[in-house]
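Chain by chain, the residues:
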Amino acid sequence: MKDLTHGYPAKVIIIFTIPIMLSYILQQLYSLVDSKIVSEYVGPEALAAIGATVVVSNLIIGFVNGLTQGFAIPIANSFGAKDMERLRKNVAGTILLTFGVAAVLTVLSLLYIKDILIALGTPVEIRQDALDYVNIILTGIILTAIYNCSSNLLRAVGNSKVSLYCLLVSVVANIGLDFLFVKVLDQGIKGAAYATIIAQAMSATLCAGYLFVKYKEILPTRRDFVPYHGMYGNLITTGLSMGLMGCIVNVGTVVLQGAINDLGTNIMTAHTASRRVFDIICVMVYTYGIAMTTYVSQNMGAGKPERVRQGVRHANIIVTIISTVLIVLVYTCARPVFQWITSTTNPDIIDESVMYAKISVLFFYALGPLFVFRCALQGMGRKIVPLISSVTEMLVKIFSAMFLVPALAYKGVAFTEPISWVLMTTILAVAYYTGKPEKYLKVEEQ
């Protein structure tokens, strides 16, 4: 276990963030390789079919991940306060809520996914492939929930390395299984989905197994399943705040995907490739936000508001430096990367992908602080303002689907998120700087 309430903030944050960053990079690199394998051995249309489902699966899986991140906030707060009894009770509540939510989401998503794809205007020629792929992926929601719950519990008590090791094994296996199912066994797009499900089962088993073997002191006993006053209310509001934050944003993304689908299969392929690259480079700043949730929660529990302010300041400097490096990389390397991912030199695909990447990365100077401020506020127990910022992004995406994309085609898509980032960062920065951390020290007693 790692106590983040001592040491130079920038050093502590960087050391804690690096394993989280590598974990997310591994996930995104797998997505890149998966896209390459599918486009190479099945075809660009199959890649477009996967792209048509990503926003839906991300909406559901992102909600589960956000939910478990939110559940981890009271756990980190209890760890910072050195209150192990309260910590174990929060772990007990987290386990029950995670399994319950995952079960409900699995049933509902499998029942309605076909109607959702039709409502999104998924082209008829790729609709069945999209449905075959996403049905398999959605059966793995419970596996994703187990892995995310376990990894977020470990991060709450300062261990960000174990989930990386588990994920490394899973990703290597996933790539090997992709080649087996897609190339050797010729299972097509279903093969890629089967490979993903098996790999998810591996990461969930390894991470949960490590937690149960090595962290017995934070695991609940039978009496810990008796909640303290207000525990479930705090867990649910904190979890829903984080889960809905991503969910609300993804609702806007789903609406925007409908507008993208109307632009044709080439643009869908271009956008799928663009998002694969964007998701990788975004990890470089996004993970500092994840780290700040634990850092701020632990320090709020320890009663150290000044250390919270120092950490937020240092994190914003770090993400600004990283954003500068990413801009240089994208502007020098984007074209050959997109040609490799899509297995084509078709300018209708490559030019649009490059344009999207170059516009997006310029606004990382707003995106990095967005993640830092949003997660710092969550760690302080401030649940409303981050939700308001997410609603802002959703509204911008809906506006774009209605007006920007019809007027500017794919360029309208490229400008959509940067506009929302600037607005969101402004809202979050004002909220952070006008509300002192001292006012929110007693997170658990709210």
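Remember, it's a predicted structure, so these values are computed and weren't measured experimentally. (Residues numbered from 1 in each chain as written. Predicted model: local features only at pLDDT ≥ 70, side-chain atom pairs only at ≥ 80, totals over all residues. Heavy atoms only, no water.)

Asks: Just give me the short version of the overall build of the chain, but keep the residues and values in it.
Replies: Assigned secondary structure in the chain consists of 14 helices and zero strands. Across the chain, helices and strands are ordered from the amino to the carboxyl terminus as α-α-α-α-α-α-α-α-α-α-α-α-α-α. For 446 residues, the compact-globule estimate of 2.2 N^0.38 gives 22 Å, and the chain sits close to it at 21 Å. Taken along its principal axes, the extent of the C-alpha atoms in the chain is 60 × 45 × 35 Å. Every one of the 446 residues in the chain was classed for burial, and the buried ones make up 61%. Here the analysis covers contacts within the chain between residues at least 6 apart in sequence; of these, 85% occur between residues at least 24 apart. Total accessible area on the chain stands at roughly 17,100 Å², and carbon and sulfur atoms take up 68% of it. Averaging the coordinates of the 33 positive side-chain charges in the chain and doing the same for the 25 negative ones gives two points 12 Å apart. (Helix = DSSP H or I, 4+ residues; strand = E, 2+ residues; numbered from the N terminus. Rg over C-alpha atoms; globule rule 2.2 N^0.38 Å. Buried < 20%, exposed > 50% of the residue type's maximum accessible area, 1.4 Å probe, protein only. Contact = heavy atoms within 4.5 Å. Areas by Shrake-Rupley, 256 points an atom, 1.4 Å probe, with all protein chains shown as cover. Lys, Arg positive; Asp, Glu negative; His and termini not counted. Charge placed at Lys NZ, Arg CZ, Asp CG, Glu CD.)

Asks: Can you break down the nonpolar core residue by residue, with the values?
Replies: Formed by 60 residues in total, the largest nonpolar core has its most connected members in Met292, Val296, Phe338, Phe364 and Leu367. Per-element accounting of this core gives the leading share, 16 residues, to helix 9 (residues 265-301). Leave out the neighbours within four places in its chain, and Phe364 touches Phe278, Ile281, Cys282, Val285, Ser323, Leu326, Pro369 and Trp421. Counting 55 residues, the second-largest nonpolar core is a separate cluster that includes Leu105, Ala130, Tyr133 and Met231. (Core = buried A, V, L, I, M, F, W, Y, C linked by side-chain atoms within 4.5 Å.)

Asks: Explain the packing of aromatic side chains residue by residue, including any values.
Replies: Both the distance between ring centres and the angle between the ring planes are used here to describe each pair of aromatic rings. Counted by the stated rule, this structure contains twelve aromatic pairs. Ring geometry for Tyr210 against Tyr215: centres 6.1 Å apart, planes inclined by 50 degrees, an arrangement best described as tilted. Centre to centre, the rings of Phe278 and Phe364 are 5.9 Å apart; their planes meet at 90 degrees, and the pair counts as edge-to-face. Taken together, the positions of Phe278 in helix 9 and Phe364 in helix 12 (residues 364-379) put the pair 86 residues apart, joining distant regions of the chain. When sorted by exposure, Phe278 lands in the same class as Phe364, which is buried. Through pairs of rings, three or more aromatic residues link up here, namely Tyr24, Tyr286 and Phe371. Lying over the aromatic face of Phe79, Lys82 brings its terminal NZ or CZ to 5.5 Å of the ring centre. (Phe/Tyr/Trp six-rings, centres within 6.5 Å; stacked < 30°, edge-to-face > 60°. Lys NZ or Arg CZ within 6 Å of the ring centre and 35° of its normal.)

Asks: Lay out a nonpolar patch on the surface in plain terms, naming residues and giving numbers.
Replies: Together, Val104, Val107, Leu108, Leu111, Tyr112 and Ile116 make up a nonpolar patch on the protein surface, roughly 550 Å² of accessible area in all. Looking at where Leu111 falls in the secondary structure, it is placed in helix 3 (residues 84-119). (Patch = residues over 30% accessible without salt bridge, like charges linked within 9 Å, V, L, I, M, F, W, Y side chains within 5 Å. Salt bridge = Lys/Arg side-chain N within 4 Å of Asp/Glu carboxyl O.)

Asks: Tell me what's going on with the pattern of salt bridges, and back it up with residues and numbers.
Replies: A complete count under the given rule lists eight salt bridges for this structure. Note that Asp224 and Arg88 form a salt bridge whose closest N and O atoms lie 3.5 Å from each other. Residue Asp224 is located in the loop between helix 7 (188-214) and helix 8 (231-261), and its partner Arg88 is located in helix 3; the two are separated by 136 residues in the primary sequence. Taken as a pair, Asp224 and Arg88 share a single burial class, namely buried. Residues Asp351 and Arg335 are paired through a salt bridge, measuring 3.0 Å at the closest nitrogen-oxygen approach. With a gap of 16 residues between them, Asp351 in helix 11 (residues 347-362) and Arg335 in helix 10 (residues 305-342) connect regions that are remote in the sequence.

Asks: Outline the side chain of Thr144, listing residues and values.
Replies: Within the secondary structure, Thr144 sits in helix 5 (residues 141-156). Ignoring anything within four residues of it in the chain, the contact list for Thr144 reads Ile61 and Gln200.

Asks: Go over the packing of helix 11 against helix 14 (residues 410-434), please, and point to the residues and values.
Replies: Where helix 11 meets helix 14, the closest approach of the two axes is 9 Å, and the angle between their N-to-C directions is 15 degrees. With respect to each other, helix 11 and helix 14 are oriented roughly parallel. Crossing hand, helix 11 versus helix 14: right-handed. On helix 14, the residues touching Glu352, Met355, Tyr356, Ile359 and Ser360 of helix 11 are Tyr410, Lys411, Val413, Ala414, Phe415, Glu417, Pro418 and Trp421. Grouping the amino acids of the contact of helix 11 with helix 14 by side-chain chemistry returns nine nonpolar, one polar and three charged. (Axes fitted to C-alpha atoms, helices over the stretch in contact; angles between N-to-C directions. Parallel < 35°, antiparallel > 145°, perpendicular 65-115°, else oblique. Left-handed = near helix turned anticlockwise from the far one by under 90°. Nonpolar A, V, L, I, M, F, W, Y, C, P; charged D, E, K, R; others polar.)

Asks: So what about helix 3? Which residues, and what values?
Replies: In an α-helix, one turn spans 3.6 residues, which is why side chains three or four residues apart end up on the same side. Of all bends in helix 3, the biggest is about 50 degrees, found at Tyr112. Gly121, located one to two residues past helix 3, shows a positive phi value of around 75 degrees. (Bend = angle between axes of the 7 residues up to and from the residue.)

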